Amino acid sequence: MKKFGLLLAGGIAAFILLSTIGPMVGLLVSVVLLYFIFKQFLKTKSIGGRIGLGIIGFIVLIASLHNVPAIIGIAAAYVLYLVYKKWNKSKVSKIIEADDPFSNFEKQWSELKQY
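What comes next is a walk through the structure. Note that the coordinates shown come from a computational prediction; the quantities given were computed from them, not determined experimentally.

**Examining the overall build of the chain**
And then number 1: In terms of helices and strands, the chain carries five helices and zero strands.
And then number 2: Starting at the N terminus and ending at the C terminus, the chain contains elements arranged as α-α-α-α-α.
And then number 3: Scored against the burial criterion, the 115 residues of the chain give a buried share of 16%.
And then number 4: Here the chain displays about 9600 Å² of accessible surface, and carbon together with sulfur accounts for 73% of that area.

**Considerations on a nonpolar patch on the surface**
And then number 1: Together, Phe-58, Leu-61, Ile-62, Leu-65, Val-68 and Ile-71 make up an exposed nonpolar region whose accessible area comes to about 550 Å².
And then number 2: For the nonpolar patch, the element with the most residues is helix H3 (residues 47–65), which contributes four residues.
And then number 3: Note on placement: Val-68 falls in the loop between H3 and helix H4 (69–87).
And then number 4: Relative accessible area serves as the criterion here: at 43%, Val-68 is assigned to the partly exposed category.

**Some words on the packing of helix H2 (residues 21–43) against H4**
And then number 1: Where H2 contacts H4, the two axes come as close as 8 Å, and the packing angle between them is 110°. Between H2 and H4, the angle is such that the two are roughly perpendicular. As H2 runs across H4, the sense of the crossing is left-handed. Of the residues in H4, those in contact with Pro-23, Met-24 and Leu-27 of H2 are Pro-69, Ala-70, Gly-73 and Ile-74.
And then number 2: Looking at side-chain class alone, the contact of H2 with H4 contains six nonpolar, one polar and no charged residues.

Scoring rules and cut-offs
- Residues numbered from 1 in each chain as written.
- Predicted model: local features only at pLDDT ≥ 70, side-chain atom pairs only at ≥ 80, totals over all residues.
- Heavy atoms only, no water.
- Helix = DSSP H or I, 4+ residues; strand = E, 2+ residues; numbered from the N terminus.
- Buried < 20%, exposed > 50% of the residue type's maximum accessible area, 1.4 Å probe, protein only.
- Areas by Shrake-Rupley, 256 points an atom, 1.4 Å probe, with all protein chains shown as cover.
- Patch = residues over 30% accessible without salt bridge, like charges linked within 9 Å, V, L, I, M, F, W, Y side chains within 5 Å.
- Salt bridge = Lys/Arg side-chain N within 4 Å of Asp/Glu carboxyl O.
- Axes fitted to C-alpha atoms, helices over the stretch in contact; angles between N-to-C directions.
- Parallel < 35°, antiparallel > 145°, perpendicular 65-115°, else oblique.
- Left-handed = near helix turned anticlockwise from the far one by under 90°.
- Contact = heavy atoms within 4.5 Å.
- Nonpolar A, V, L, I, M, F, W, Y, C, P; charged D, E, K, R; others polar.

What follows is the structure, given as structure tokens:
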């Protein structure tokens, strides 16, 4: 039952991730453009250049706001990663050792051999 839930969550997350690839690419391109515009803005000494780069940066910033669904795609990618980790996690069972000397005979015998 647990595997079915993981499969269902992974399938939904994969579907959402595939449907938001376009906005994710658009957001990536606009963030890279904003980075380079900001670097050029800091390098520019003239007032006209700064005003022009500021206007271009504002336009690119507004364009990047239209790619907000990309955040949902990033969250879906994270959920898909968590499902993958949970799916491949091996079950670890705790071994409870009793203090009864007869139940741990092999262990005690190996300890006695060491002396």
